[in-house]
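Each chain, written out:
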Amino acid sequence: MPSAKPLSTAVGMLRSRLTSTIRHRGASTTSRWTSPGHQHRPNGYFLNRTPPPPGQSRKWEDWELPCYVTSFLTIVILGVGLNAKPDLTLETWAHRKAIQRLAAASASDESSH
């Protein structure tokens with residue numbers, strides 16, 4: 001079994017490095033891992049899109065139709081393909097072999113009587 005010493009050493013080094021960067025930078029500054037972002041407050045719209053005027057439908061973007069068609073075809077192909085794949089499990093093979101052996105044994109028993 002491998003020793004846990006290298007893992008504990010790495011965790012300790014990472015912990016000390018993270019706590020030292022927090023102490024040096026202070027709580028109010030940002031790091032490269034956390035930033036306030038560009039938006040000052042959420043605007044309340046899904047995906048930051050303003051809704052179309054009443055009575056108009058949203059215009060599809062260029063990527064949407066190929067993405068939806070490809071996604072649908074992928075689901076259909078996977079559904080049909082995974083349901084039609086042959087059963088190659090070890091249990092099925094052993095079951096078939098056992099049935100063959102039982103049939104051969106019963107045939108030899110009948111021929112010997």
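## Points about the overall build of the chain
Within the chain, the regular secondary structure consists of 3 helices and 0 strands. Along the chain, helices and strands appear, N-terminal first, in the series α-α-α. Buried residues in the chain amount to 2% of all 113 residues. Accessible area of the chain: about 11,200 Å², with a carbon and sulfur share of 64%.

## Here we look at the pattern of salt bridges
Enumeration according to the criterion identifies 2 salt bridges in this entry. Across the pair Glu-61 and Arg-49 runs a salt bridge, and its minimum N-O distance is 2.8 Å. Placement of the pair is Glu-61 in the loop between α1 (5-25) and α2 (64-84) and Arg-49 in the loop between α1 and α2, with a sequence separation of 12 residues. Given a relative accessible area of 31%, Arg-49 falls into the partly exposed group.

## Some words on a nonpolar patch on the surface
A grouping of Trp-60, Trp-63, Leu-65, Tyr-68, Val-69, Phe-72, Leu-73, Val-76, Ile-77 and Val-80 is seen on the molecular surface, where their side chains present a nonpolar patch of about 1,000 Å² in accessible area. Tracing the sequence through the fold places Trp-60 in the loop between α1 and α2. For Trp-60, a relative accessible area of 47% gives the class partly exposed.

## Let's talk about the packing of aromatic side chains
Tallying each qualifying case throughout the model produces 1 aromatic pair. Seen from their ring centres, Trp-60 and Tyr-68 are 5.5 Å apart, and the 80 degrees between their planes marks the pair as edge-to-face. The class of Tyr-68 is partly exposed, set by a relative accessible area of 40%.

## A short note on the confidence of the model for the chain
Regions with low pLDDT should not have their predicted coordinates read in detail. Here the chain averages 83 in pLDDT, and 78% of its residues register 70 or above. Confidence, expressed as mean pLDDT per element, reaches its minimum in the chain at α1 with 74 and its maximum at α2 with 96.

How each quantity is defined
- Residues numbered from 1 in each chain as written.
- Predicted model: local features only at pLDDT ≥ 70, side-chain atom pairs only at ≥ 80, totals over all residues.
- Heavy atoms only, no water.
- Helix = DSSP H or I, 4+ residues; strand = E, 2+ residues; numbered from the N terminus.
- Buried < 20%, exposed > 50% of the residue type's maximum accessible area, 1.4 Å probe, protein only.
- Areas by Shrake-Rupley, 256 points an atom, 1.4 Å probe, with all protein chains shown as cover.
- Salt bridge = Lys/Arg side-chain N within 4 Å of Asp/Glu carboxyl O.
- Patch = residues over 30% accessible without salt bridge, like charges linked within 9 Å, V, L, I, M, F, W, Y side chains within 5 Å.
- Phe/Tyr/Trp six-rings, centres within 6.5 Å; stacked < 30°, edge-to-face > 60°.
- pLDDT = per-residue confidence, 0-100.

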